[in-house]
Every structure is written in C-alpha cells, then in structure tokens.
Amino acid sequence: MSDWLEGSRLKPASKPKASEILETTPSSSPLMLRFLLKKPHRSIAAAAVALAGGAAISSSTSTSSSTPERTVSISFPLRDVLSSTVGLFLEGLSLPSLFSSSPEVGHSSIASSLPHKTWNTEASGENEDDSRCCPGCLCRNSIAKAAAAVGPAVVNISVTQGIHGLMLGKSIGSGTIIDPDGTILTCAHVVVDFQSIRGVSKGKVAVTLQDGREFEASVINADRHSDIAVMKIKSKTPLPAAKLGSSSKLQPGDWVVALGCPLSLQNTITSGIISCVDRKSSDLGLGGVRREYLQTDCAVNQGNSGGPLVNLDGEIVGLNVMKLADADGLSFAVPIDSVIKIIEHFKKNGRVVRPWLGLKMLDLNEMIIAQLKERNASFPDVSKGVLVPMVTPGSPADHAGFRPGDVVIEFDGKCVEGIKEIIELMDDKVGKPLKVLVQRSNNKLVTLTVIPEEADTGR
C-alpha cells in the first residue's frame, strides 16, 4: 500500500492515524472528506462514503495521547447500503482504527456492518451453491454434472470385419444405453455395411462400458438414410441408462456437451454451443430425402459417431453423426426428436416408412413473398405457406393436379407455414388420401387430393 493518501506515504507495517486522513470543517459546513483514493476500487469506496449524507465525525481525547482521535459513524439507513458496496473494498485496506464504534445514539460504525467474507473468497466462488442456478443455466459445475449424469451410459463400440478368421478391418464408434434392458442407440454407419443392399451388420460388434465391462451386441434395426441404428446387449443386471430430452426447445447459443470415444479414447467429453438448430441436408450438399441437423462447435472426431449430444440438464438432445473434414468447429447431430420418431417406426413397422409426394417445396417468408410479387404481380396474396416450384412428372403430386407456382396453405385439414409441418402431418401415411388446399395466381383457391407413396431413399 503506497501513495494511496494525497501528499503522504504510509509504511506497510504502520497504521494511519485518523487525524492524517479526516479533517472536520466548521459545524455550519457539511462534512468534507479530504483524501483521495487513487486506485479504482478505492475511489468507489470513497465516493460511497462521500455520498452518505448521514455520516458524522466525532472526536475524543485519548488518555495516552494529547492528539484527539476522530471516528466516522454512519446512520442505520445508510449502513445497509454501504455494507453491500464499500465493505468489499474497505475490508482489504486493513484499517480497523478508522471506523470504530461511535458513542452517539442511533449510529453504528461501518466496521460493524461489513460482511465477514473476504473479496478473494467471493470472487473465487468457493462458497457459491450451484443449486441456486435455474435449469439450463451455466454454473461452475454445470458441464461436469451433465457429463456425470450421462457418462455411465455412454459405450465404446468396436466392429471387427473379417472372412474365415482373417481380419479385414475395424470400425470404431460410440453409443448410448437408453434402456436398462440393454438397448443402445448409435449411428448406422458404425455398425452397418452400407455397401450391402440389405444393410447387414459389418461383423462382430463389441461394446465396452465406462466401468470396463464388455459385451457382444446384436443390431436390431438400422436406417441408413437417417444414419440411426439400434443395438441390444444382454446383461444379468440392470444397466445405466441416459434420459432422452427434447431438441425442439433448443436455441442457437445454448450450451451442449458431446460425449463419446474419439480414436477409441473412452470417457472423452467436449463442450460447445448450438450454432444452428435446423441445418438442412441440402445446405451440406447431401442428396436424397430432406433431413435436418443440429450444428454445434463441439470438438468431435472419428469414434465420436453415435455418441450423445447432451444439454446442461443431462438429457440427450442429439446424436453426433458427422463433422466437416477440413473445418474446425463444424459438427452435426441428428435432433433427438427425429431419433425418437425413427425408433417409433422401428417398433411399429420394423423400418422407417417415408411418404413421397414428388414435390419440390420452398418455405415462404415476408421477404421472399415480396420479391416474388415484384417479379410477378399475379403471385397469390399470402403471408405464409409453402411454395411448389417444381412437380415431378408421374409422381403422386402430378396425378393429384399440383402445378408449379402453387402455394400450399392447408395440408390434411391444418394450416401450414413450413415444409417441416407437412412432413410431420404425413408421418407414415402411405396410401392414404390427403386433402391439400393450394392458392394459385390471382388468388384462386383449389382443393387437391393426393395419395402418398413410400419413398425410395435411393432415388
């Protein structure tokens, strides 16, 4: 502590006298503080004291010294204000002699109202309680707690390929136990031979749990289009299982944790944020049926495929499936809401049934609508809907009478604003007639009946 008083210097071991710091003014004048604190935090403390209109200075004569000592006393209404601000700064100055008790009635010294915790303790958060945080709030142990909740259910998957005892290759990945009976969720490309028309298992599937136990798994179902597979292991005792959450509540910027076994390094945890909640497969140059992914900046590598993407509540919100090879911070996961629907299809039909209409569709918004009306004044007066720019010849939509330029405003009796809603309404309704209301040029309304066919994912 040096040069903190104007025009004077204190030795580290010495204590300043009150007379060196404070000086009273005539009784008819307001209280004046004659010292300036040069450090930023000391200036705040001084300003807080100067603003205390209820401060008073009393003097008393010590029996051991002829020099009168002066003390500062603060009125009760101001004590609470100062205790929350000045206390954090003055306590570090080690000046107990400046603020002693005052004999005046109705007053209390600053020292009596200061908190007992030091600034270093409060800054470090040693006494903070994470339980005060709201769900989804990032606290000091939030990521650790989320990982601990799901970690025991994360498994390492190793698939050995071979013919007649000769090993030809090895595939590695991750998975998550989602049921104590041994049901495991993972990526199809980890366990299924994509070169095979039937999508059979690549070979012997070995599963290793976090606690070191090893099992041999069998592939129950796999959907190569969505890259989702379900496996099963048998255990005599219940297995740790992770909780499935919801991806519909995610927003860009939300914190997430990716768990898995990159390069066969088990129990690996990385964290990041959601970069995009609806990254379309077409944005990534992927053909076939439309798909949507969660984009994150979590670090994922070979072996992370099939591992869970977890929110701060310890719930699975996605399944890590891929990353861009030549980029950092660009990884993608299948939303858990889509995964749940695929599992339901597995249980109901033994496969994923996808209806096909033969329409190319485009989501409309105010800007796109305004641009289209500038180009063509006869464009329908709509505020939302789905534009049909192209109809596949010979498709169910072609047979139903769809035309390029139609705007779908109702599908199966419900108003729609986007393609995602149409896909959800179709679900697995293959061969079932569906009523569709479209609006054409010059605001002509037409009701069409379309019968979806099952999609050929190879088309």
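Right above here is the structure, for reference.
Presented here is a report on the structure given in the accompanying data block. What you are looking at is a predicted structure, and each value in this text was computed from that prediction instead of being measured.

## Side note on the overall build of the chain
Right, so step 1: Looking only at helices and strands, the chain has 11 helices and 24 strands in total.
Right, so step 2: A sequence separation of at least 24 residues applies to 58% of the contacts in the chain between residues at least 6 apart.
Right, so step 3: For the chain, the exposed area adds up to about 25000 Å²; of that, 52% sits on carbon and sulfur atoms.

## With respect to the nonpolar core
The nonpolar side chains of soluble globular proteins are, as a tendency, buried together.
Right, so step 1: Ranked by size, the top nonpolar core spans 43 residues in total, and within it Ile157, Leu185, Val191 and Val207 carry the most contacts.
Right, so step 2: Considering every element that reaches this core, the biggest residue donor is helix α8 (residues 336–349), with 5 residues.
Right, so step 3: For Ile157, the residues in contact, after removing those within four places along its chain, are Ser171, Ile172, Gly173, Ser174, Gly175, Thr186, Val190, Val191, Val205, Ala206, Val207 and Met231.
Right, so step 4: Core analysis: the second largest hydrophobic core is formed by 21 residues, Val391, Val408, Val438 and Val450 among them.

## Examining the pattern of salt bridges
Right, so step 1: Inspection of every chain in the model, using the stated rule, returns 13 salt bridges.
Right, so step 2: In this structure, Lys232 and Asp181 form a salt bridge, with 3.9 Å as the shortest nitrogen-oxygen distance. Linking Lys232 in strand β9 (residues 228–232) with Asp181 in the loop between β5 (166–177) and β6 (183–187), this pair joins segments that are 51 residues apart in sequence.
Right, so step 3: The class for Lys232 is partly exposed, based on a relative accessible area of 29%.
Right, so step 4: Classification of Asp181 as partly exposed rests on a relative accessible area of 39%.
Right, so step 5: Between Asp412 and Lys429 there is a salt bridge; the shortest N-O distance is 3.2 Å. Pair noted here: Asp412 is in the loop between β20 (406–411) and β21 (414–415) and Lys429 is in the loop between α11 (419–426) and β22 (434–440), with a separation of 17 residues, a long-range link.

## Regarding the side chain of Glu315
Right, so step 1: Considering the arrangement of structural elements, one finds Glu315 in strand β15 (residues 315–323).
Right, so step 2: What makes Glu315 buried here is its relative accessible area of 18%.
Right, so step 3: Beyond its immediate chain neighbours, meaning those up to four positions away, Glu315 contacts Lys243, Leu244, Gly245, Leu309 and Val310.

## Thoughts on the environment of Ile220
Right, so step 1: As for its placement among the helices and strands, Ile220 is situated in strand β8 (residues 214–223).
Right, so step 2: For the pair Ile220 and Gly350, spaced 130 residues apart in sequence, the C-alpha separation works out to 9.2 Å.
Right, so step 3: Those residues within four positions of Ile220 in sequence are excluded, and the remaining contacts are Val230, Met231 and Lys232.

Cut-off values and rules
- Residues numbered from 1 in each chain as written.
- Predicted model: local features only at pLDDT ≥ 70, side-chain atom pairs only at ≥ 80, totals over all residues.
- Heavy atoms only, no water.
- Helix = DSSP H or I, 4+ residues; strand = E, 2+ residues; numbered from the N terminus.
- Contact = heavy atoms within 4.5 Å.
- Areas by Shrake-Rupley, 256 points an atom, 1.4 Å probe, with all protein chains shown as cover.
- Core = buried A, V, L, I, M, F, W, Y, C linked by side-chain atoms within 4.5 Å.
- Buried < 20%, exposed > 50% of the residue type's maximum accessible area, 1.4 Å probe, protein only.
- Salt bridge = Lys/Arg side-chain N within 4 Å of Asp/Glu carboxyl O.

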